[in-house]
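# Structural characterization, general
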Amino acid sequence: DYPKSAARDQGLFRLAEYEYALEQYAASNEHYSAVLQGFPESKLVPYCLYGRGWSLLRSQKFGDAAASFTSLIEKFPKHRLADQALYSRAMSRQQAGDFESALVDTQAYLSVEGRTDQEKADALYVKGLSELGLKQTDQAITTLTSVQKMLPEYGSGDKVLYELAW
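This structure is a prediction, so every number in the text was calculated from the model and none was measured.

### Describing the pattern of salt bridges
Enumeration over the complete set of coordinates arrives at four salt bridges. Note that arginine 93 is salt-bridged to aspartate 105, the shortest N-O span being 3.1 Å. Placement of arginine 93 in helix H5 (residues 80-96) and of aspartate 105 in helix H6 (residues 99-110) is noted, with a sequence separation of 12 residues between them. One exposure class covers both arginine 93 and aspartate 105, and it is buried. For lysine 127, the salt bridge goes to glutamate 131, with nearest N and O atoms at 2.8 Å. Here lysine 127 and its partner glutamate 131 are both found in helix H7 (residues 117-133), four residues apart, which amounts to about one turn of the helix. You can call glutamate 131 buried: its relative accessible area is 4%.

### Quick look at the side chain of serine 88
Residue placement: serine 88 occurs in helix H5. Using a relative accessible area of 0% as the deciding quantity, one classes serine 88 as buried. With near-sequence residues (within four places) excluded, serine 88 lies in contact with Tyr50, Trp54 and Phe69.

Definitions and cut-offs
Residues numbered from 1 in each chain as written. Predicted model: local features only at pLDDT ≥ 70, side-chain atom pairs only at ≥ 80, totals over all residues. Heavy atoms only, no water. Salt bridge = Lys/Arg side-chain N within 4 Å of Asp/Glu carboxyl O. Helix = DSSP H or I, 4+ residues; strand = E, 2+ residues; numbered from the N terminus. Buried < 20%, exposed > 50% of the residue type's maximum accessible area, 1.4 Å probe, protein only. Contact = heavy atoms within 4.5 Å.

Written out as structure tokens, the structure is:
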């Protein structure tokens, strides 16, 4: 049946997942993209868009990563990964230097009720970095300080303190 196998999309997806876990981001991007191009009706498309976005983010291809997350958000707005894609797109945009768009994304992400303190802290950290990028120092200090107050044991606490020191 190969290469016409009905399970080929699943095989390519699993291969991409394994490659991502092994930090082989270029290869994982290639296989996620193969599913997206060869199987546009597959139920795995949203997962491939998300995985591809992260592979690109890890490869420091921030604009392409943001585009992959945007495709997921626009094509599958009700999918459970669309919400995480919004936060991931904010990270991508912040890393790309598109601070205004990153702020819009973090504000939209934070506006959803029911976020855990960890989720809020992560988004606020990206928001604070974006504010620093826009030279909105006072707002950044307020935002980054709120991360420390909300979650004193925040996993990236050293990074927050580093940013506040500047």
